[in-house]
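Here are the chains, one letter per residue:
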Amino acid sequence: ATLTVATVGDTVFEGDEAYSVSLTAGTVDGAVVAATGTVETSSTDNDAPTFTLTGDASVVEGGSATYNITLTGGDIASGETVVLTLDTVDGTAINPADFADLDNVSYDAVTNELTLTGPFTAGNIVATLTVATVGDTVFEGDEAYSVSLTAGTVDGAVVAATGTVETSSTDN
């Protein structure tokens, strides 16, 4: 005999899941017969989320650059915790003399982690960040720094998180 177990497809990221089917007893013409066996099966989640960073390539000194993190792939369910690793990296512009840490979000500058709580729907922006540049009266030419998204987890499961944006701060 063949037993078919159908899995339910969805768009929510929940990681791989497993289940088992066990045969524990049977009857033939009313008589109990020995029947044993267990099959372990795993179901691979095909809704893996990807977080991508995009943002301003230039900003006038003293202004703020804006960066967005967009979710593609699977949705993030209500209550799920998303932790993304972000960093601002000095170039010719130096933090904090020329630009500040990320703002507008629950970002921990010590751990470089941004923590968000679902729900989030794929195809949408899940966070908008800003970096303020420092205006001054010294002529120093244009300067640059970058913001990078390097890692991510959803409820502890590793997910794709990528993107580096180099931003030029135009001296005014």
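Calculation notes
- Residues numbered from 1 in each chain as written.
- Predicted model: local features only at pLDDT ≥ 70, side-chain atom pairs only at ≥ 80, totals over all residues.
- Heavy atoms only, no water.
- Helix = DSSP H or I, 4+ residues; strand = E, 2+ residues; numbered from the N terminus.
- Buried < 20%, exposed > 50% of the residue type's maximum accessible area, 1.4 Å probe, protein only.
- Contact = heavy atoms within 4.5 Å.
- Core = buried A, V, L, I, M, F, W, Y, C linked by side-chain atoms within 4.5 Å.
- Patch = residues over 30% accessible without salt bridge, like charges linked within 9 Å, V, L, I, M, F, W, Y side chains within 5 Å.
- Areas by Shrake-Rupley, 256 points an atom, 1.4 Å probe, with all protein chains shown as cover.
- Salt bridge = Lys/Arg side-chain N within 4 Å of Asp/Glu carboxyl O.
- Lys, Arg positive; Asp, Glu negative; His and termini not counted.
- Charge placed at Lys NZ, Arg CZ, Asp CG, Glu CD.
- Polar contact = N/O pair within 3.5 Å; in protein donor to acceptor, adjacent residues only side chain to side chain.

A. Spatial organisation of the overall build of the protein chain. Secondary structure summary: the protein chain contains zero helices and 14 strands in total. Its helices and strands in sequence order give the protein chain the pattern β-β-β-β-β-β-β-β-β-β-β-β-β-β, from N to C terminus. Projected onto its principal axes, the C-alpha coordinates of the protein chain cover approximately 95 × 25 × 20 Å. Each of the 172 residues in the protein chain was classed as buried or not, and the buried ones make up 33%. Pairs at least 24 apart in sequence give 71% of the contacts found in the protein chain among residues at least 6 apart.

B. Fine view of the nonpolar core. Within the largest apolar cluster, 30 residues are counted, with the highest numbers of intra-cluster contacts made by Phe51, Tyr67, Ile69, Leu84, Leu86, Leu114 and Leu129. For this core, the secondary structure elements donating two or more residues are β5 (50-55), β7 (64-72), β8 (81-90), β10 (113-117), β11 (125-132), β12 (143-154) and β13 (157-162).

C. How the structure looks around unusual backbone geometry. A cis amide bond links glycine 118 with the next residue in sequence, proline 119, at an omega value of 25 degrees. Tracing the sequence through the fold places proline 119 in the loop between β10 and β11. One non-glycine residue, aspartate 29, adopts positive backbone phi at about 50 degrees. Relative to the helices and strands, aspartate 29 is located in the loop between β2 (26-28) and β3 (31-33). On the accessibility criterion, aspartate 29 (82% relative accessible area) is exposed. The backbone phi angle of asparagine 112 is positive, close to 65 degrees, even though this residue is not glycine. The topology assignment puts asparagine 112 in the loop between β9 (107-108) and β10.

D. Spatial organisation of a negative patch on the surface. Side chains of Asp10, Glu14, Asp16 and Glu17 sit close together on the surface and give a patch of like negative charge. Note on placement: glutamate 14 falls in the segment before β1 (17-23). Judged by its relative accessible area of 33%, glutamate 14 is partly exposed.

E. Representation of the environment of valine 134 in the model. Along the chain, valine 134 turns up in the loop between β11 and β12. Sequence spacing of valine 134 and leucine 114 is 20 residues, and the spatial spacing of their C-alpha atoms is 23 Å.

F. View of the side chain of aspartate 75. Mapped onto the secondary structure, aspartate 75 falls in the loop between β7 and β8. Residue classification places aspartate 75 among the buried residues on the basis of a relative accessible area of 17%. Engagement of the side chain of aspartate 75 in a polar contact is seen with the backbone nitrogen of alanine 122, the distance being 2.8 Å.

G. Here's a closer look at the environment of threonine 38. As for its placement among the helices and strands, threonine 38 is situated in strand β4 (residues 37-43). Residues threonine 38 and alanine 122 lie 84 residues apart in sequence; the distance between their C-alpha atoms is 37 Å. Setting aside chain neighbours within four positions, we find threonine 38 in contact with Ser20, Val21 and Ser22. Within the structure, threonine 38 has its side chain in polar contact with the side chain of serine 22 (distance 3.1 Å).

H. Focus on the environment of threonine 92. By the element assignment, threonine 92 lies in the loop between β8 and β9. Linking threonine 92 and glycine 62, residues 30 residues apart in sequence, is a C-alpha distance of 16 Å. What threonine 92 contacts, discounting residues up to four positions off in sequence, is Asp98, Asp142, Glu143 and Ala144. From its side chain, threonine 92 meets the backbone nitrogen of alanine 144 in a polar contact 2.8 Å long.

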